[in-house]
Every structure is written in C-alpha cells, then in structure tokens.
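Summary of the model geometry
This is what each chain is made of:
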Amino acid sequence: MVWVGCGQPAEVRVEVYSAADGLLHGSLDASVYTCDRHEAGATAAIHAAGLTPYRAGAPLHLSRTCGYVYRYPTATGGSR
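These numbers come from a predicted model, not from an experiment.

Turning next to the overall build of the chain. When helices and strands are counted, the chain shows one helix and four strands. Counting helices and strands in the order they occur from the N terminus, the chain gives β-β-α-β-β. Across the 80 residues that make up the chain, the buried fraction comes to 41%. Intrachain contacts of the chain at a sequence separation of at least 6 include 72% that bridge at least 24 residues. Put simply, the chain shows about 4700 Å² of open surface, and 54% of that area lies on carbon and sulfur atoms.

Now for the environment of Thr43. You can see Thr43 is positioned in helix H1 (residues 39–48). Residue Thr43 is classed as partly exposed on the basis of its relative accessible area, which comes to 22%. Between the alpha carbons of Thr43 and Pro53 there is a distance of 6.2 Å; along the sequence they are ten residues apart.

The next point concerns the pattern of salt bridges. When charged atoms on two side chains of opposite charge get close, those side chains can pair. A complete count under the given rule lists two salt bridges for this structure. Arg13 is paired through a salt bridge with Glu15; the nearest N and O atoms lie 2.9 Å apart. For Glu15, a relative accessible area of 11% corresponds to the buried category. As a salt-bridge pair, Glu39 and Arg55 come within 2.8 Å of each other at their nearest N and O atoms. In this pair, Glu39 sits in helix H1 while Arg55 sits in strand E3 (residues 52–57), placing the two residues 16 residues apart along the sequence. Judged by relative accessible area, which is 47%, Arg55 ranks as partly exposed.

Core analysis: the biggest nonpolar cluster contains 13 residues, and Trp3, Val14, Val16, Val32, Ile46 and Leu51 have the highest contact counts within it. Elements represented by at least two residues in this core include exactly strand E1 (12–20), strand E2 (23–34) and H1.

Think of an α-helix as 3.6 residues a turn; residues three or four steps apart then line up on the same face. Glu39, Ala42, Ala45 and Ile46 are the residues of H1 that are buried. In a view along the axis of H1, the buried residues occupy a sector of 130 degrees, so they form one face of it. Facing away from the buried surface of H1 by more than 90 degrees, the exposed residues are Ala40 and Ala48. Gly50 occupies a position one or two residues after H1 and carries a positive phi of about 80 degrees.

Moving on to the pairing of E1. Counted residue by residue, E1 has eight buried out of nine residues, so it is predominantly covered. Pairing analysis gives five bridges linking E1 to E3, with the strands arranged antiparallel. Bridge pairing in E3 places Arg13 opposite Gly57.

The rules behind these values
- Residues numbered from 1 in each chain as written.
- Predicted model: local features only at pLDDT ≥ 70, side-chain atom pairs only at ≥ 80, totals over all residues.
- Heavy atoms only, no water.
- Helix = DSSP H or I, 4+ residues; strand = E, 2+ residues; numbered from the N terminus.
- Buried < 20%, exposed > 50% of the residue type's maximum accessible area, 1.4 Å probe, protein only.
- Contact = heavy atoms within 4.5 Å.
- Areas by Shrake-Rupley, 256 points an atom, 1.4 Å probe, with all protein chains shown as cover.
- Salt bridge = Lys/Arg side-chain N within 4 Å of Asp/Glu carboxyl O.
- Core = buried A, V, L, I, M, F, W, Y, C linked by side-chain atoms within 4.5 Å.
- Arc of directions from axis to C-beta.
- Pairing = 2+ DSSP bridges.

Next comes the structure, spelled out in structure tokens:
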C-alpha cells in the first residue's frame, strides 16, 4: 500500500485488514492515521492494495500525524 498524508494532526484511525481464513476481515494488519481531509484518499489506497479499511474513529489517546502507518508485527498481508 502506498499513501502519503500531509503531516497534520490525525483525527481518524483507519484499521487495515487482509483476508484470512476465508474472512474479508480476517487479519488486522495495520492502522493508518489521517486528518479528515485525507481520509478518503487513504481509504482509496487501502482498497487499491486489495485490503479492507475500517474507520475506527479518532485516535484520542495517541499523538499521530496524517500519513502515519503502523504495521502490526502479526500482519499476514498488506505487504503490497
């Protein structure tokens, strides 16, 4: 997945899932942080990579910037 944010404070966290065990939301692979303005672009990049986005809401307890991506060590997909 290729996507670049603007670096402004993130207001939304989008969870990124890959298919596993026959389920569309089988593996939580990453969290993508965006500002409101760039949420649609991030979601489109996730879809384009063949992954499934899920809007998880604002990262209230974290200080992240738009464009920050955290890939979970347990990720099974999402390396595209």
